[in-house]
Amino acid sequence: MQLTKGFEQAACIIALLCTQDSSIPLTTAVIHDRLTGSETYLRKIMRKLVVAGLVTSIPGNNGGFRLAKKPSEISLLDIVEASEGPIKTYPDMGFIENVFSEAHPIAERGKNVLNDTFQQADDLWRDYLKHQSLNDVLVKIMGEPAVPGIDWNGSDNELHAQFQKLNEKI
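About the thresholds
- Residues numbered from 1 in each chain as written.
- Predicted model: local features only at pLDDT ≥ 70, side-chain atom pairs only at ≥ 80, totals over all residues.
- Heavy atoms only, no water.
- Disulfide = S-S within 2.5 Å.
- Buried < 20%, exposed > 50% of the residue type's maximum accessible area, 1.4 Å probe, protein only.
- Salt bridge = Lys/Arg side-chain N within 4 Å of Asp/Glu carboxyl O.
- Helix = DSSP H or I, 4+ residues; strand = E, 2+ residues; numbered from the N terminus.
- Contact = heavy atoms within 4.5 Å.
- Phe/Tyr/Trp six-rings, centres within 6.5 Å; stacked < 30°, edge-to-face > 60°.
- Lys NZ or Arg CZ within 6 Å of the ring centre and 35° of its normal.

S.K.: Honestly, the state of the cysteines in this entry has me stumped. Any pointers?
M.R.: Two cysteines form a disulfide when their sulfur atoms are joined by a covalent bond. In total, this model carries zero disulfides according to the counting rule given. Cys18 provides the cysteine sulfur closest to Cys12, a residue in no disulfide bond, and the two sulfurs are 13 Å apart. For Cys18, a relative accessible area of 2% corresponds to the buried category.

S.K.: Which parts of the structure should I look at to understand the pattern of salt bridges?
M.R.: Side chains bearing opposite charge may pair, as long as their charged atoms lie close to each other. Inspection of the entire model under this criterion finds five salt bridges. Between Arg43 and Glu39 there is a salt bridge whose closest N-O contact spans 3.1 Å. With Arg43 and Glu39 both in helix H3 (residues 39-51), this residue pair falls four residues apart, about one helical turn. Residues Glu108 and Lys111 are paired through a salt bridge, measuring 3.8 Å at the closest nitrogen-oxygen approach.

S.K.: Explain the environment of Asn112 here, please?
M.R.: Along the chain, Asn112 turns up in helix H6 (residues 104-130). Taking the C-alpha atoms as reference points, Asn112 and Asp92, 20 residues apart in sequence, are found 9.6 Å from one another.

S.K.: Can you help me understand the environment of Gly6 in this one?
M.R.: Inspection of the secondary structure puts Gly6 in helix H1 (residues 5-19). Residues within four places of Gly6 in sequence aside, it is in contact with Tyr41, Ile45, Ser83 and Glu84.

S.K.: What is the right way to read the packing of aromatic side chains from this model?
M.R.: Given two aromatic rings, their pairing is described by the distance between the two centres and the angle made by the two planes. By the definition in use, this model includes one aromatic pair. Look at Tyr90 and Phe118: their rings are 5.2 Å apart centre to centre, the planes differ by 15 degrees, and that puts the pair in the stacked class. Of the two residues, Tyr90 is situated in the loop between helix H4 (76-84) and helix H5 (95-99) and Phe118 in helix H6; the sequence distance between them amounts to 28 residues. Note on Phe118: relative accessible area 32%, which makes it partly exposed. Note that Lys5 overlies the ring of Tyr41, its terminal NZ or CZ placed 5.3 Å from the centroid.

Dropping the structure here:
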């Protein structure tokens, strides 16, 4: 199974929100400028993150988005399932039963074996991702937990100065 670009975009949005100054909502315009691409597609991703309870939407002129949970409470599985839906790598389109229709009991058994095998693999992957928190990932990247403090809505000069500080820590 290959994750779609929607997962990578969702992960980037969550990372932006994780580092965003928590007192200032991150605007849709800034998210769109950073991700580029279709604004309609971005809205769909944002909606999925809100519905999944990972992000909250703040309406109004000074509105935008914030993380709904602490980074330690958000797992990679949460982001994958919010953007992609439940993990299911084997589609079971019924080809085995069609191809081997004369040997129905064997075809049925083959279908069941493949479904069980892939379900076990999905369970292992799901369990691994469930135990990888956003905080864990950010510690691996930055050497410490992310601290909200960047105002991504700010000017390029302000962002540049903030990144200089971050780069010095790494």
